[in-house]
Amino acid sequence: MIEPSGRRERKKAATRQKIADSALRLFLERGYEAVGIRDVAADADVAVTTVFAHFASKEALVFERDQDFEQRLTRAVTDRSPHEPLIPALHREVQALVRHCTAEGSAPVRRMIEGSPALREYEESMSLRHAQALAAALAADPDLSRSATACRAIARFAIDAFALACRADDPEATVDEVFRMIKAAWEATAP
């Protein structure tokens, strides 16, 4: 996560994190459907409007690292060294993100998401948005010179690699397997 620089930004980030932590704890204790925004606000000792100032919806409370995830993926493209190949850079970043989603203690959150139609739907819409952002970063890189279709497909495959790995018995092997296919597809689209 990007560290805020000024005092005001740090206070906002701390409030956001406090709300997210309260929400997640309550969701895991009582069940996602049983907890309302008012419950989260009361537990975090903030106003309901403060919750909505930091999170657009109840579902967004579960996926509080959503923007960080998207930025990390796009930076794997935009911040790689000048002659570094794309696919290994993207592979490393997805592998790192998968390690986070499969870290110790993450299983209850994954079960909660899988058990809630609202959270599964939100996660899918989030994945589509991440794929669009990643495809835009790929298409904007003049050194990559691939069609818009190729960029969209590779972006979607990378997002799917993450999703598949987070649910797999062997997450790291899953990412490696999918990225072998991604590499072949990327090479097949070379001009």
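Residues numbered from 1 in each chain as written. Predicted model: local features only at pLDDT ≥ 70, side-chain atom pairs only at ≥ 80, totals over all residues. Heavy atoms only, no water.

Next up on the list: the pattern of salt bridges. Counted under the stated rule, the structure contains 15 salt bridges. A salt bridge links aspartate 141 to arginine 80, with the nearest nitrogen and oxygen atoms 3.0 Å apart. Placement of the pair is aspartate 141 in the loop between α8 (117–140) and α9 (148–166) and arginine 80 in the loop between α5 (66–78) and α6 (86–101), with a sequence separation of 61 residues. Judged by its relative accessible area of 14%, aspartate 141 is buried. Residues joined by salt bridges that share partners form a network here, namely Arg110, Glu114, Glu123 and Arg167. (Salt bridge = Lys/Arg side-chain N within 4 Å of Asp/Glu carboxyl O. Helix = DSSP H or I, 4+ residues; strand = E, 2+ residues; numbered from the N terminus. Buried < 20%, exposed > 50% of the residue type's maximum accessible area, 1.4 Å probe, protein only.)

Taken over all residues, the pLDDT of the protein has a mean of 92, while the share at 70 or more is 98%. In the model of the protein, helix α7 (residues 107–114) stands out as the element of lowest mean pLDDT, 90, in contrast to helix α2 (residues 37–44), which has the highest, 96. (pLDDT = per-residue confidence, 0-100.)

Here we take up unusual backbone geometry. One non-glycine residue, aspartate 45, lies in positive phi territory at about 60°. Aspartate 45 gets classed as exposed once you look at its relative accessible area, which sits at 65%. Its identity as a non-glycine residue notwithstanding, serine 145 has a phi of 40°, on the positive side. By secondary structure assignment, the location of serine 145 is in the loop between α8 and α9.

Bringing the packing of α6 against α9 into the picture now. Two elements in contact, α6 and α9, have axes whose closest approach is 9 Å; the angle formed by their N-to-C orientations is 30°. If you check the angle between α6 and α9, you find them roughly parallel. Taken as a pair, α6 and α9 cross one another with a handedness that is right-handed. Mapping the contact onto sequence places Ile87, Leu90, Val94, Leu97, Val98 and Cys101 in α6 and Ile154, Ala158, Ala161, Phe162, Ala165 and Cys166 in α9. Looking at the contact of α6 with α9 residue by residue, the classes come out as 12 nonpolar, no polar and no charged. (Axes fitted to C-alpha atoms, helices over the stretch in contact; angles between N-to-C directions. Parallel < 35°, antiparallel > 145°, perpendicular 65-115°, else oblique. Left-handed = near helix turned anticlockwise from the far one by under 90°. Contact = heavy atoms within 4.5 Å. Nonpolar A, V, L, I, M, F, W, Y, C, P; charged D, E, K, R; others polar.)

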